[in-house]
Protein chains: 2
Amino acid sequence: MDNHGQQSVKCSHCAFKALCLPSGLDDASMEQLNSIIVRRRRVAKDEQLYRAGQAFGSMYAVHFGEFKTTQVNRRGALQVTGFLMAGELLGMDAIATGAHACDAVALEDSEVCEIPYSQLGPLIGRIPVLMQHFHRLMSQEILREQSVMLFLGNIRADQRMAMFLLSLGKRYAARGFSGSRYQLRMSREDIGAYLGLTIESVSRLLVKFRNNGWIKLQQREVELLDRTSLEALAAGVEADDIETSTPARTPVRKVKPIAPQPSRVIPIHAAVAA
Amino acid sequence: MDNHGQQSVKCSHCAFKALCLPSGLDDASMEQLNSIIVRRRRVAKDEQLYRAGQAFGSMYAVHFGEFKTTQVNRRGALQVTGFLMAGELLGMDAIATGAHACDAVALEDSEVCEIPYSQLGPLIGRIPVLMQHFHRLMSQEILREQSVMLFLGNIRADQRMAMFLLSLGKRYAARGFSGSRYQLRMSREDIGAYLGLTIESVSRLLVKFRNNGWIKLQQREVELLDRTSLEALAAGVEADDIETSTPARTPVRKVKPIAPQPSRVIPIHAAVAA
DNA sequence: CGTCCACTTGACTATAATCAAGGAGGGTGG
DNA sequence: CCACCCTCCTTGATTATAGTCAAGTGGACG
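Residues numbered from 1 in each chain as written. Chains lettered and ligands numbered in written order. Predicted model: local features only at pLDDT ≥ 70, side-chain atom pairs only at ≥ 80, totals over all residues. Heavy atoms only, no water.

Turning next to the sheet that holds strand β6 (residues 89-90) of chain A. All names here are of chain A. Taken together, the four strands give an open sheet; going across it, the order is β1-β8-β3-β6, and neighbouring strands pair in antiparallel fashion. Strands at the two margins of the open sheet, each flanked by one partner only, are β1 (39-43) and β6. The pairing of strand β3 (residues 58-64) with strand β8 (residues 110-116) spans six bridges and is antiparallel. Counterpart to M59 in the pairing with β8 is I115. (Pairing = 2+ DSSP bridges. Helix = DSSP H or I, 4+ residues; strand = E, 2+ residues; numbered from the N terminus.)

Given below as structure tokens:
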């Protein structure tokens, strides 16, 4: 469900086919798949690929670039429901109602492969391995959202942020990029709208992490310096109780005499995002 | 994917077939479907249908009763990720990994129809309308979780609670029960673990709603008395600014001179739960 | 009649939101 | 090339909200 090739659409040559296609796909099936991908489509930064309420016709595989999905309220405020990277599939939430449930906006200049759902169905029926793969992708999306539910529900802001940074790293690593040094493609505001925090809290947390020596931060460039501490935090250990392997730049005097047992619950057993 | 009948498994006679089966299913297809549902299975209250980590073999349609799905952390605290009623499908999150991601626990004595996934696949391939329906169900689950994400992220506790009560009513109504008077099948603790609140907050909120005259409450018996106010609250209007149509039992003196504009964002555009 | 468990209530506190100013880049136009 | 602006981000002070801790109620059930 992704493709490469400059003129013709060829999933077989795509760098990310491992992500959106099943492994045991024979040539004939691959050819059929190529034939239904009507086109690749460029989406400029900040452009909307589709909007909430629009009739659902196609799903989109991210070919390169990055997207966010958002839902708007009547006052105009946004909640970010997901960030999508190359090889991930957009539009699965629209199958239920036949209309898109969210806006999809490019965070940078991007390209997607358009897959008409009406043609995908019959093809899936004929190619079992493709069907299974498709179900797996949908199931993965369910898992991803479950894990977001978990962390939004009961988890401190600093934990959420730690999970978020680790999760991004993991996803970049899965795509062959560095998992410990990457560029945030989204604004602080987007991060806040995703994690359920205000922009000020996001800022303060990132600064705190930097001052603790856990990350390097320069604008949107992030480097994870102390994965162990971040993971401890993500797992629910209180920030003040974490011994930073790299000593804090501003070594805050510990005032607390006795560590109270961590108050909030539910670390995450799955990755924060797909 | 559901069935009725006392001895033999017959989806065609099931009271909830409209929920788990597509409408345009011919007799032959129905027969095929019946044949792969290996059995109905009784699950006693508090019994686990499956546990997180267990190998995934079958999906389960709730035939009667009610379930919760939970994920556990290492300290033993639970997060509730969903409540499931008759006609809803359990186990979609396990397709991705081949292992269940959560525990499924019966909230009361219940019964499920077991559907081996290995047999469902081929059948779906042969019956397009069934495939489409199945995809719709998965998509619906994604939508449901999106809406939970939305409300966990940015919504005040009282709004969440209002949404939750309204959503339960809607779901009971869809099943032919009263949508304004029903029994909570889950404990306050479960509600809290679902809404991301402590048990104390849940209790206080329910009492507040009752004192405002919005609901009648007696143990787990709930009656929605003032749907309008609940909906206003769910939509983001501040509780103090809502004129209760039924005057509050304890008419709290309004102190606030000027209504500040509501601070939090993101009401919900979709139902709270499936 | 007593015990247990789920729930309620109260007092206090921690956490992150809100309100309000400031920087710091990155781009544009003079 | 520099000045200006605009957006995005940071920082500080204060406050509201829901969490925590600690005692009770009140049914259900033996």
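Now, onward.
Attention now goes to helix α4 (residues 128-154) of chain B. For α4 of chain B, which comprises 27 residues, the first-to-last C-alpha distance of 39 Å matches the rise-based estimate of 39 Å (1.5 Å per residue) to within 8%. Of all 27 residues in α4 of chain B, 22 are buried, a share of seventy percent or more. (Expected span 1.5 Å × (residues − 1). Buried < 20%, exposed > 50% of the residue type's maximum accessible area, 1.4 Å probe, protein only.)

Turning our attention to the nonpolar core. The biggest cluster of nonpolar side chains holds 78 residues, and the ones touching the most others in it are M161 and F164 of chain A together with M161 and F164 of chain B. When near neighbours in sequence (up to four residues on either side) are disregarded, M161 of chain A contacts I191, L195, V202, L205, L206 and F209 of chain A. Ranked by size, the runner-up nonpolar core spans 56 residues in total, among them M92 and L130 of chain A together with L21 and M92 of chain B. (Core = buried A, V, L, I, M, F, W, Y, C linked by side-chain atoms within 4.5 Å. Contact = heavy atoms within 4.5 Å.)

A separate point is the pattern of salt bridges. As enumerated under the stated definition, the model contains 25 salt bridges over all chains in all. Between R40 of chain B and E111 of chain B there is a salt bridge; the shortest N-O distance is 2.3 Å. Placement of the pair is R40 of chain B in strand β1 (residues 39-43) and E111 of chain B in strand β8 (residues 110-116), with a sequence separation of 71 residues. Given the relative accessible area of 21%, R40 of chain B is considered partly exposed. E111 of chain B gets classed as buried once you look at its relative accessible area, which sits at 3%. Through salt bridges that share partners, R40, R42 and E111 of chain A make up one connected network. (Salt bridge = Lys/Arg side-chain N within 4 Å of Asp/Glu carboxyl O.)

It is common to give the size of an interface as the accessible area that goes away when the parts come together. Counting residues at the interface gives 51 residues for chain A, matched by 51 residues for chain B. Both sides together, the interface formed by chain A and chain B hides about 4400 Å², and carbon and sulfur atoms give 62% of it. One can count zero salt bridges joining chain A with chain B. Counting across the chain A and chain B interface gives 15 residue pairs in polar contact (both at pLDDT 80 or more). (Buried area = accessible area lost by both parts, 1.4 Å probe. Polar contact = N/O pair within 3.5 Å; in protein donor to acceptor, adjacent residues only side chain to side chain.)

With that out of the way, let us pick up the relation of the copies chain A and chain B. Here two copies of a chain appear, and what relates them is a rotation about an axis with a shift along it. Relative to chain B, chain A is turned by 180° and slid 0.0 Å along the rotation axis, the superposed coordinates differing by an RMSD of 0.0 Å. Both chain copies can therefore be described as sitting about a two-fold axis. If distances are taken from each C-alpha of chain A to the rotation axis, the shortest is found for G125 of chain A, at 2.0 Å. With an isologous cut-off of 70% or more, the 100% of interface residues of chain A that recur at the interface of chain B puts this contact in the isologous class. (Least-squares fit on C-alpha atoms with pLDDT ≥ 70 in both.)

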